[in-house]
Amino acid sequence: MPLSLILAALAALVAASPQQSADPAWRRPPPALEALALAAPVPTVDYAPNGRFALIVEREGPPPLARLARPMERLAGLRIDPATHARFTTDRPTKLTVRSLVADIDPPLELALTFPADQRVTDWVWSLNGRQLALVVESTETASTTLQVLAPEASGAALTLATDRLHPLFVRPRWTPEGDALLVALVPRDAGPLPERAALPAGPTALETAGARSPLRTYQDLLGDAADAARFAALARSELALVPASGGEAMRFEGLGPDLWVSASLAPGGLRVLATRLAEPFSLRQPWSAFARVIEVHDWSAGAHRVRELVALPVAADVPIGGVPTGPRDVQWIPGRTSSLTWVEALDGGDPRRAATYRDRWLRLDLDRELSGAPTTLAEVAERAAGILFTDDPDRFILTEVDRARRWRRATLVDGAGRYSPVVLEDRSQSDAYADPGAFVTRLDERGQTILQRDGVWAYRAGDGATPEGDRPFLARLNLESGEQRDLWRSGAGEYARVVAFLAGDTSGAVLVAVRRETPNDPPRDSLLPVPLPGAERSDLASRDILVAVDPQPALRAVKKELVRYPRGDGVELSATLYLPPGYDGAAPLPLLIWAYPREFTDAGLAGQVRGSAQRFTLAAGASHLSLALAGFAVLDGATMPILGDPETVNDTFVQQLVASAAAAIDYCVERGVAERGRVAVGGHSYGAFMTANLLAHSDLFAAGIAESGAYNRTLTPFGFQSERRALWSAREAYFALSPFLHAEGIQEPLLLLHGDADSNSGTFPEQSKRLFAALQGLGGTARLVMLPYEDHGYRSREAVLQVVAERYDWLLAHIGQR
């Protein structure tokens, strides 16, 4: 090749590569926006079983970047803190308060829990009687995780249990039914330092395939070689034990020595443990959840340790896209029985495209007497099993199944003993928000198993309550004999209130729930609410406030918020929430940002349903784009971008429908007078970023775009993405049409690209943003790429949060102006 051509090629490569800014310093937005971004979130409340206590949790605002920059191992699809054998997190509660809710604690108890600066609570678990609280506490000074137990009525201090270091990576502490001990995973006593990575590899990493189909979605943080596998095994290895709640030596189970334990649960009766351990060799192509594993029952009820292997599952390498693995899955103890198991198995090879009379079956294995025996069929379902929920009668249970092809959901109450006919409790499109009957209310039985909350023939459901006027959450009572369901309570029209905990069943003619209420101007308030039952004359239960939050962002109360509706050109009804700046009088149009996220539907009527509520308390925590409304911009948030069609081919018209929805949103705002053409920007996160780049590539509707943590070249996610069910090689035209990277010449408007350089989300590799920027630079486009160090798919550190808010503000100011 002539030297001139080589030099020209090198020059083109340099021109197409991202260039660093001359000023790498962190940027900050205007003070008003900075105050919003750094505000602490509203406290949350966790309720003890039976409503005896409430734990109020206050958290800090965005943490410092130094906390994200701590050492981390990215292995097998996980992010692991090597010092504590825990999943890498940055959340830090700043204050925990235990508050009594029952009348028999008089005077009412309120206990503030304090911890040294080097400690943080990462998890907590209430005992079944609600009288004890186990706290998982991480210490930076000792680089370990310990277990502490608090008995609020007995003492104001938490007792640190005398155990070895806790190993919380997979196994969460579980209370025994009696509340005298906790089943935990511990760091093995013989655990040594992590295996070192050799300076030079011992050899290459090789993968082979020999004709078997093994389609996989794209994953990140996978094992890369034998050294990664050795480090993962060292970090994942743990030992199961029972830790006395009163302190003292942990009881290690004979036969359950150090291994790769990923789950463990006690049988409802007797000393048996259902445990799952990973098996080597590990896959280099899948995350840990697809690794080979062994599921087994360990038994000490006869004095000596015995074990039964239920199944040894291979690596889930040949699972069809949208399918499930063959063999047992969702193995669990059956409530109300001493020692019986149930699990589900595919009858169609796990392939949703294969014709089958029944796709799944639930099996039962009774171990009440011996570990031997064969499972029997509990029930078969025509579609894919989505869960089983037992009642307080172990022979009666609710089976939920999902038809993937139609996006249909069905729930049926079944009697395994054949005493009652099946009762259909739900039969609807998964996309039909108006017909959503809500989630079943559950409780823990006396052995700690999750069962349906019911009072005789009555069960309860709680849901969002979507209506054409917005969400109005509800609590309903369901007749298990007839399947009829009627509301007991619904949020008022001028507020947004939802049930956050069901505390007591039929008591004195009412059920007791905890409700969180809010309005656009009033921050959330948690309170006890007695809900009268039909026909009841009165209730002795009293209402009482539990938490009244303080407004963390009072400046936002001046922002006007409105739920708006408008039609698309083809008649599909669309909706969004419109935010207008303080003091806006409508005299002149504003610069407008449309923020959205596309969703797929099979029916125009379902796509047009309103979701969300204008009655919610507005918060712009962290890097929220809503803060721009305080800076003089109009923000059309959650603008619906429905993509209608057959689930198998819906993306064939993705771009056309996207453009039509965006045009309808702009038309509405322009006709109303709050915006003008030429001063409208579009933005989104993840799939919303993908949407943004496509809108700029295939339309001239917008003056600028903001795309955050997106994927832009769909040939790099060749075995499906989002709701796309086809592989690249069977839908080349669709993959090409849907890849804004391959249409980058059409992106003539300025595009701001932001991405965390440690993004772990499937498909949204940081390289996606880098390559799109390089393409725009090489083609002479206008773009800015900001890579945020140590940040994941969402942005958490205060430095990154302020940078993102400043970047958005400056970008919009430069390209669509100011009010």
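Here we summarise the structure given alongside this text.

How each quantity is defined
Residues numbered from 1 in each chain as written. Predicted model: local features only at pLDDT ≥ 70, side-chain atom pairs only at ≥ 80, totals over all residues. Heavy atoms only, no water. Axes fitted to C-alpha atoms, helices over the stretch in contact; angles between N-to-C directions. Helix = DSSP H or I, 4+ residues; strand = E, 2+ residues; numbered from the N terminus. Parallel < 35°, antiparallel > 145°, perpendicular 65-115°, else oblique. Left-handed = near helix turned anticlockwise from the far one by under 90°. Contact = heavy atoms within 4.5 Å. Core = buried A, V, L, I, M, F, W, Y, C linked by side-chain atoms within 4.5 Å. Buried < 20%, exposed > 50% of the residue type's maximum accessible area, 1.4 Å probe, protein only. Salt bridge = Lys/Arg side-chain N within 4 Å of Asp/Glu carboxyl O. Expected span 1.5 Å × (residues − 1). Pairing = 2+ DSSP bridges. Phe/Tyr/Trp six-rings, centres within 6.5 Å; stacked < 30°, edge-to-face > 60°. Lys NZ or Arg CZ within 6 Å of the ring centre and 35° of its normal.

So, about the packing of helix α2 (residues 31–38) against helix α10 (residues 798–815). Where α2 contacts α10, the two axes come as close as 10 Å, and the packing angle between them is 140°. Taken as axis vectors, α2 and α10 run oblique relative to one another. Handedness of the crossing formed by α2 with α10: right-handed. Residues Leu33, Glu34, Ala37 and Leu38 of α2 form the contact with α10, whose own contacting residues are Arg798, Val801, Leu802, Val805 and Tyr809.

Core analysis: the largest hydrophobic core is formed by 61 residues, its most contacted members being Tyr566, Ile594, Leu636, Phe702 and Leu772. Sorting elements by how many residues they give to this core places helix α6 (residues 654–672) first, with nine residues. When neighbours within four sequence positions are excluded, Phe702 is seen to be in contact with Ile594, Ala662, Ile666, Val680, Ala681, Val682, Leu695, Leu696 and Glu749. Judged by nonpolar contacts, the second largest core, of 35 residues, contains Leu628, Ala629, Phe633 and Tyr795.

On to the pattern of salt bridges, then. Once the charged atoms of two side chains with opposite charge are near each other, the side chains can pair. Per the stated rule, a full pass over the model turns up 64 salt bridges. A salt bridge links Arg461 to Glu426; the shortest N-O distance between them is 2.8 Å. Of the two residues, Arg461 is situated in strand β32 (residues 458–463) and Glu426 in strand β27 (residues 423–429); the sequence distance between them amounts to 35 residues. Comparing Arg461 with Glu426 shows no difference in burial state: the two are buried. Each of Arg329, Asp348, Arg359, Asp360, Glu383 and Arg384 takes part in one network of salt bridges that share partners.

Time to look at helix α7 (residues 687–698). Residues separated by three or four positions in an α-helix point in the same direction, a consequence of the helix having 3.6 residues per turn. Given a rise of 1.5 Å per residue, 12 residues ought to cover 16 Å, and the 16 Å separating the end C-alpha atoms of α7 matches this to within 8%. Of all 12 residues that make up α7, 11 are buried, and the element is covered over most of its length. Among the residues of α7, those classed as buried are Tyr687, Gly688, Ala689, Phe690, Met691, Thr692, Ala693, Asn694, Leu695, Leu696 and Ala697.

Summarising burial for strand β2 (residues 53–59): five of the seven residues are buried, a large majority. Pairing analysis gives four bridges linking strand β1 (residues 44–47) to β2, with the strands arranged antiparallel. Opposite Tyr47, over in β2, you have Ala54 as the bridge partner. Here β1 folds back onto β2, and the loop between the two strands holds five residues, one of which, Asn50, carries a positive phi near 70°. Pairing of β2 with strand β6 (residues 93–100), which is carried by seven bridges, proceeds in the antiparallel orientation. Looking at β6, one finds that Ala54 is bridged to Arg99.

A sheet is described by the order of its strands in space; here four strands give the open sequence β20-β21-β22-β23, paired in antiparallel fashion. Each edge of the open sheet carries a strand with a single partner, namely β20 (329–333) and β23 (376–381). Taking each pair of neighbouring strands and ignoring which way they run, the sheet shows an average axis angle of 20°. Alignment of strand β22 (residues 360–366) against β23, held across five bridges, turns out to be antiparallel. The residue bridging Arg361 from the neighbouring strand is Glu380, located in β23.

Turning our attention to the side chain of Thr618. Secondary-structure assignment places Thr618 in the loop between α5 (604–607) and β43 (634–639). Setting aside anything within four residues of it in sequence, one finds Thr618 in contact with Pro520, Gln553, Leu556, Arg557, Lys561, Tyr579 and Leu626.

Per the counting criterion, the structure on display carries 17 aromatic pairs. With a centroid separation of 5.9 Å and 55° between ring planes, the pair formed by Tyr597 and Tyr687 is classed as tilted. Placement of the pair is Tyr597 in the loop between β41 (590–596) and β42 (599–601) and Tyr687 in helix α7, with a sequence separation of 90 residues. Look at Tyr597 and you get partly exposed, because its relative accessible area is 30%. Ring plane angle 25° and centroid distance 5.0 Å describe the contact between Tyr687 and Phe690, whose orientation is recorded as stacked. Placement of the pair is Tyr687 and Phe690 together in helix α7, with a separation of three residues, close to one helical turn. Take Tyr687 and Phe690: they sit in the same class, and that class is buried. The ring of Phe721 carries Arg714 above its face, with NZ or CZ at 4.1 Å from the centroid.

Before going further, it helps to examine the sheet that holds strand β18 (residues 293–299). Reading across from one edge, β16-β17-β18-β19 is the order of the four strands in this open sheet, with antiparallel pairing throughout. In this open sheet, the two strands that pair with only one neighbour each are β16 (261–266) and β19 (306–313). Geometrically, the sheet is characterised by an average inter-axis angle of 15° between neighbouring strands, direction not taken into account. With five bridges joining them, β16 and strand β17 (residues 272–278) adopt antiparallel strand pairing. Residue pairing in the sheet places Ser265 in a bridge with Leu274 of β17.

Let us look at the environment of Ala504. Tracing the backbone through its elements, the reader meets Ala504 in strand β35 (residues 496–507). For Ala504, the residues in contact, after removing those within four places along its chain, are Val511 and Leu512.

In this structure, Pro107 follows Asp106 across a cis peptide bond, with omega equal to 5°. Looking at the secondary structure, you find Pro107 in the loop between β6 and β7 (110–113). With an omega of 5°, the peptide bond between Glu280 and Pro281 qualifies as cis. For Pro281, the position within the fold is in the loop between β17 and β18. One non-glycine residue, Ser686, adopts positive backbone phi at about 60°. When you line up the elements, Ser686 lands in the loop between β45 (675–685) and α7. Residue class for Ser686 comes out buried when judged on its relative accessible area of 13%. Here the phi dihedral of Gln722 falls at roughly 45°; this positive angle occurs in a residue that is not glycine. The topology assignment puts Gln722 in the loop between β46 (704–708) and α8 (732–737). Taking the relative accessible area as the measure of exposure, Gln722 reaches 40% and is therefore partly exposed.

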